[in-house]
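# Architecture and fold: a report
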Amino acid sequence: MPVIDLFITHRSGIPIKKLAAVLVLLYENAGELRVLLTTRSKLLRAHPGQTALPGGKVDESDESLVHTAFREAHEEVGLPLNSPYIHTLGTFRPFLSQSQLLVTPVIVLLTNPTALDALKPCAGEVDYIFNHPLEAVLDPPLSEKEPLVPRGSEDWPYAEEFHIVKVDETETVLYRHHRLRSCASPVKGLTADILICVAGVAYEKTTTYECHPPGRDISYLLDLRMKQYGVRRGPQ
């Protein structure tokens, strides 16, 4: 996974205010990889009540995108900043958010899951901390053993058992919005897109459902934004 340095990104012409980072914290439990997720506070103006990876916008004082992701995770859920059990594996290329931010996922591995017991949601920012099996992002029926929210409930008001998709099509955008049932708020939007890519690398396989429009992948949305900034992406 290529590491993207914050200041190299900034020098490329993309304003820092358009940069963000999220922490994809993975850990093993009962022989499977799981990922840490949060439900955003319903008091927030942006994306209230939605599932998110810990993270947020870059501050001018941040040393790197990795620093941004850890700082935000510390603020949102109390993740220790210097834990000997958390190992940074690298970063993925940025994703384009609905608010036009370039969001870089920072992938980390937690080798002592008991450290999660001390996490605490930040009042006013996070309503709930939960986790989800990573492989189930690629193959949703694998989540059948999870304590999923009831079908027809506020958190899953759909008839489908594990996964639904909505297609957006305009003159410039053809995009599939994925929603995955969980034990809390649905995993969808940018969070789903990031986890699909991470799980694809981790398990070296693709989704059991059609993920992207024919002939395209998620990176074409990023290409549109980078062209707007006059920046060309290098090889991934």
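Because the structure is a prediction, the values reported are computed rather than measured. (Residues numbered from 1 in each chain as written. Predicted model: local features only at pLDDT ≥ 70, side-chain atom pairs only at ≥ 80, totals over all residues. Heavy atoms only, no water.)

### Thoughts on the overall build of the protein chain
The secondary structure content of the protein chain amounts to four helices and eleven strands. The buried share of the protein chain, taken over its 236 residues, is 46%. Accessible surface, the protein chain: about 12000 Å² in total, of which carbon and sulfur atoms supply 52%. (Helix = DSSP H or I, 4+ residues; strand = E, 2+ residues; numbered from the N terminus. Buried < 20%, exposed > 50% of the residue type's maximum accessible area, 1.4 Å probe, protein only. Areas by Shrake-Rupley, 256 points an atom, 1.4 Å probe, with all protein chains shown as cover.)

### Some details on the packing of aromatic side chains
A full pass over the atoms with the stated rule returns two aromatic pairs. The interplanar angle of 15° and the centroid separation of 5.9 Å between the aromatic rings of tyrosine 128 and phenylalanine 130 together place this pair among those described as stacked. Seen from their ring centres, tryptophan 156 and tyrosine 158 are 4.8 Å apart, and the 80° between their planes marks the pair as edge-to-face. By relative accessible area, which is 0% here, tryptophan 156 ends up buried. (Phe/Tyr/Trp six-rings, centres within 6.5 Å; stacked < 30°, edge-to-face > 60°.)

### Notes on unusual backbone geometry
At alanine 30, a residue that is not glycine, the phi angle is positive and equals roughly 55°. In this fold, alanine 30 is placed in the loop between strand S1 (19-29) and strand S2 (32-40). Overall, the relative accessible area of 80% leaves alanine 30 in the exposed class. Of note in the backbone geometry, glutamine 100 takes a positive phi value of approximately 70° without being a glycine. Turning to its location among the elements, glutamine 100 is positioned in the loop between strand S6 (95-96) and strand S7 (102-110).

### Observations regarding the nonpolar core
Within the largest apolar cluster, 28 residues are counted, with the highest numbers of intra-cluster contacts made by Val24, Leu53, Leu195 and Val198. Those elements that provide at least two residues to this core are S1, S2, S7 and helix H3 (189-203). When residues of this core are assigned to their parent elements, the largest contribution, seven residues, is made by H3. When residues no more than four places from it in sequence are discounted, the contact partners of valine 24 are Val35, Leu53, Pro105, Val106, Ile107, Val108, Ile194, Leu195 and Val198. The next biggest cluster of nonpolar side chains, apart from the first, holds 22 residues, and it includes Leu19, Leu23, Tyr27 and Phe70. (Core = buried A, V, L, I, M, F, W, Y, C linked by side-chain atoms within 4.5 Å. Contact = heavy atoms within 4.5 Å.)

### Things to note about the environment of valine 35
Within the element layout of this structure, valine 35 appears in strand S2. The class for valine 35 is buried, based on a relative accessible area of 0%. Linking valine 35 and asparagine 131, residues 96 residues apart in sequence, is a C-alpha distance of 5.4 Å.

### Brief notes about the pairing of S1
Among the eleven residues in S1, nine count as buried, and that is most of the element. Pairing between S1 and S7: nine bridges, direction parallel. Residue alanine 20 lies in a different strand from S7, and its bridge partner there is valine 103. Examined bridge by bridge, S1 and strand S4 (residues 55-57) share three bridges and lie antiparallel to one another. Looking across to S4, one finds that alanine 20 is bridged to lysine 57. Here S1 hands over to S2 after two residues, with alanine 30 in that stretch at a positive phi of 55°. (Pairing = 2+ DSSP bridges.)

### Topic: the side chain of glutamate 72
Its location among the elements puts glutamate 72 in helix H2 (residues 65-77). The class for glutamate 72 is buried, based on a relative accessible area of 10%. The contacts of glutamate 72, once residues within four sequence positions are left out, are Gly55, Gly56 and Lys57.

### Some points on the pattern of salt bridges
For the coordinates displayed, the defined rule picks out twelve salt bridges. Close ionic contact of arginine 34 with glutamate 32 constitutes a salt bridge, the shortest N to O distance being 2.6 Å. Given the relative accessible area of 6%, arginine 34 is considered buried. Here aspartate 59 ties to arginine 71 by a salt bridge, and the two come within 3.5 Å at their closest N and O atoms. With aspartate 59 in the loop between S4 and H2 and arginine 71 in helix H2, this pair connects stretches of sequence that are twelve residues apart. One network of salt bridges, with partners in common, ties together Asp59, Asp62, Arg71, Glu72 and Glu75. (Salt bridge = Lys/Arg side-chain N within 4 Å of Asp/Glu carboxyl O.)

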